[in-house]
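Secondary and tertiary structure notes
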Amino acid sequence: MAEEPDFDVEELKAVKKSMLRWAWNLNKSEAKYLIIGVISASIEGLVWPTYSILLADILGVLLNPNHTTQQIAVWCYGFLGLAALVFLVTLLKLTFITRASEELTYKLRKMAYGVILHQEAAWYDLPEHSKGVLTTRLAEDANSVRGILGDRFGIVCTSTATIIGGLGVAFYFCWSVALVVLACFPIVAIGGAAQFKMVTGFASDKHFESSGKFAGDVVENVQTVASLGRLRSFVTEYTNMLIIPSKKMEKTAHVQGVAFAFTEFAMLGIWALAFWFGGQQVANNNCGFQEMFKSIMSIVFMAMIVGQMQALAPDAAKASKGAKRLYLLLENHKKKLAEEAAAPPKAEPPIRGLIEFKDVTFTYPSRPDAPVLKGLSLTIQPGKTVALVGKSGCGKSTAVALIEQLYQPTGGVISIDGVPLGDLSVHHVRKHIAYVTQQVRH
Ligand SMILES: Nc1ncnc2c1ncn2[C@@H]1O[C@H](COP(=O)(O)OP(=O)(O)OP(=O)(O)O)[C@@H](O)[C@H]1O
Ligand SMILES: [Mg+2]
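Residues numbered from 1 in each chain as written. Chains lettered and ligands numbered in written order. Predicted model: local features only at pLDDT ≥ 70, side-chain atom pairs only at ≥ 80, totals over all residues.

1. Details of the environment of Leu378
To keep it simple, the criterion reads: The helix and strand labels rest on DSSP assignments: H or I over at least four residues marks a helix, E over at least two residues marks a strand, and numbering proceeds from the N terminus. Using C-beta atoms placed from the backbone, we call a residue buried if 20 or more other C-beta atoms fall within 10 Å of its own, exposed if 12 or fewer do, and partly exposed for counts in between.
Considering the arrangement of structural elements, one finds Leu378 in strand β2 (residues 371–380). Residue Leu378 is classed as partly exposed on the basis of its C-beta count, with 13 C-beta atoms lying within 10 Å. As for Leu378 and Val360, which are separated by 18 residues in sequence, their C-alpha atoms are 9.2 Å apart.

2. Here we look at the site of ligand 1
What counts is decided by this rule: For each residue, a C-beta atom is placed from the backbone, and the residue counts as near a molecule or strand when that atom lies within 6 Å of it. Residue classes follow a fixed rule: Ala, Val, Leu, Ile, Met, Phe, Trp, Tyr, Cys and Pro count as nonpolar, while Asp, Glu, Lys and Arg count as charged, and any other residue, Gly among them, counts as polar.
Ligand 1 sits among 14 residues. The nearest are Tyr364, Ser392, Lys396, Ser397 and Thr398. Here the shell around ligand 1 gets three residues from one element, more than from any other, and that element is helix α14 (residues 396–403). The class makeup of the residues in the shell around ligand 1 is three nonpolar, eight polar and three charged.

3. With respect to the sheet that holds β2
The line we're drawing: Two strands qualify as a pair provided DSSP detects at least 2 bridges between them.
With antiparallel pairing, four strands are arranged side by side in an open sheet as β2-β1-β3-β4. Two strands in the sheet have a free side with no partner beyond their single neighbour: β2 and β4 (419–420). Of the pairings in the sheet, the one linking strand β1 (residues 355–363) to β2 comprises seven bridges and is antiparallel in character. Looking across to β2, one finds that Val360 is bridged to Leu376.

4. With respect to the packing of helix α3 (residues 69–117) against helix α6 (residues 151–173)
Where we set the bar: In this analysis an axis means a line fitted to C-alpha atoms, helices contributing only their contacting stretch, and an angle means the value between N-to-C directions, from 0 to 180 degrees. Our angle categories are set so that under 35 degrees counts as roughly parallel, over 145 as roughly antiparallel, 65 to 115 as roughly perpendicular, and the remainder as oblique. Contact criterion: two residues are in contact if their C-beta atoms, reconstructed from the backbone, are within 7 Å.
Where α3 meets α6, the closest approach of the two axes is 8 Å, and the angle between their N-to-C directions is 140°. Comparing their axes, α6 and α3 come out oblique. For the pair α3 and α6, contact is made by Lys93, Ile97, Thr98 and Ser101 and by Asp151, Phe153 and Gly154, respectively. In the contact of α3 with α6, the residues fall into two nonpolar, three polar and two charged.

Encoded structure:
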């Protein structure tokens, strides 16, 4: 499949920066909901560090042989309060962030659909703008932006708060244990990074896009396909198109499996090291049992959340690709509209109907190696009926499409009443054309 011309790597790099601002501007009307969501998500992130403090404290009380039921009750109320807080902030986070995300998705779909319908005819001829691809994009890419500034944004806020809170608690209560456990983190990070690399490296939506387009085209023309007795061969071709992406996905699965397994192993291994080292610190009176426990627990909970973030990585990689695609589609269109608005208005003279083709050459942009018109010269007088006759595929419909300005000639001039088409307003010219198409669609 051809590389998308509106989606090259350099452009993507430039786009990355402005994209968040763009999505934020789009979602500005929902800002108050997003802010409530973000605050709730951040408070939710502080619940785990608080939990590790409560856990260590109640263990301390229980380990004291002289503890009273009142003492236990105090900590139980603490847990109950934490539970109520989690209930409240999770509810607020999900309700408000989902609401804001849904609104953004709705707006993006509406805008993208409008832009897709307003392209030049040549745009739809490109394989990456075929019907199947565009509908998939409409469905998925809007969701991708939601992925960045929506649901997952909440998870990022929660995780960040957990990391800050977790590290704060760990270093406050027993810095030596915190430092040792933290030193092991690169090992976990390597596992996570490997997962991320694999996922982005093998993301093969494109391969599935082309098989999706193929399947869509065949279904659309299934009557022709069936009447030619080609059903079986198309099924075989479709199945063959699935082989390469499926193989790639399988490869991803193996590597991902190893990376995940390693990360899990590293996590549990760190527990072993943490308690061994923590035990020594307690034995040497460098910190108390409860402090050591708080420090380890808060870092372990923090690691769990970081793990969650890594688990989101595949989606995030895919989402940012889809979001960039949508961003470029909408922004390029906006630029084009601005250019059109800045250009001086085109002439709208009364039209008599003298149509002239002078040495017109034309090649469809999607098929550059197959020239269709090779120097067509033709004069059609106003009020005359003219029939273009020629064998199928010689360019009759193409000539009409050029008058309609669905495409621009590659050479020569087409004029109406002596004025080149390029100097006339497209809408004005089209208002004077009545056209019954060759392929009637129902
Ligand atoms: N959108 C397109 N993209 C690429 N090639 C095209 C496109 N439309 C037509 N062509 C090709 O351009 C050539 C001229 O097509 P055109 O439809 O103008 O022929 P025609 O003279 O109208 O034929 P017919 O008598 O069958 O209607 C053909 O080879 C056709 O395959
Ligand atoms: Mg035709």
